[in-house]
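Architecture at a glance
In case you want the letters, here they are:
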Amino acid sequence: MKGLVARRQRLLRVRHVQHSMAVAETARARDEANGIAHNIERLRKVRGELFETDGSVTGASFAAMQELATRLEQAGRQLDGALYDARRNVEAKEDLTIAANREKEIALRLKDRARADLEEWRENKLAALPRYRRMQRPGDV
């Protein structure tokens with residue numbers, strides 16, 4: 001009986017570590033998605049400010065600004081795809097975190113049940129002893 005409680009305790013420790021790792025991976029995936037979203041905002045801001053000039057612009061500099069705007073827009077589209085993938089990754093990691101949490105809770109309940117079963121077994125064993133034997137075993141009462 002004691003071995004069962006110890007095994008359940010080990011299982012609970014393993015499930016706790018798995019849950020902690022899943023939470024860390026979810027946080028890392030969220031940070032990555034937030035970083036990509038921040039880069040998208042920066043690109044949009046730079047592209048928006050590109051044509052804000054205070055005067056006349058030569059044809060060569062306007063063509064260079066057009067080229068840069070096109071490249072920034074292309075990079076923004078690529079980042080949109082990366083953001084979509086990153087958000088899907090976050091959702092997948094959150095699902096793993098939920099599953100790991102569920103497994104941890106199950107392991108906790110199993111450990112508690114094993115501990116309760118051990119206590120009940122001890123009480124039944126003690127109750128089965130004759131009265132004079134129970135009085136001789138003060139450490140078990």
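This structure is a prediction, so every number in the text was calculated from the model and none was measured.

1. Details of the side chain of threonine 97
For threonine 97, the location among the structural elements is in helix α2 (residues 59-128). A distance of 3.1 Å separates the side chain of threonine 97 from the backbone oxygen of alanine 22, its partner in a polar contact. Dropping the residues within four chain positions of it, threonine 97 is found in contact with His19, Ala22, Val23 and Thr26.

2. Observations concerning the nonpolar core
If you look at the biggest cluster of nonpolar residues, it comprises 10 residues: Ala29, Ala33, Ile36, Ile40, Leu43, Leu72, Leu79, Leu83, Ala86 and Val90. Only α1 (2-50) and α2 provide two or more residues apiece to this core. Contact partners of isoleucine 40, with chain neighbours within four places excluded, come to Leu79, Asp80 and Leu83.

Thresholds, definitions, all that
Residues numbered from 1 in each chain as written. Predicted model: local features only at pLDDT ≥ 70, side-chain atom pairs only at ≥ 80, totals over all residues. Heavy atoms only, no water. Helix = DSSP H or I, 4+ residues; strand = E, 2+ residues; numbered from the N terminus. Polar contact = N/O pair within 3.5 Å; in protein donor to acceptor, adjacent residues only side chain to side chain. Contact = heavy atoms within 4.5 Å. Core = buried A, V, L, I, M, F, W, Y, C linked by side-chain atoms within 4.5 Å. Buried < 20%, exposed > 50% of the residue type's maximum accessible area, 1.4 Å probe, protein only.

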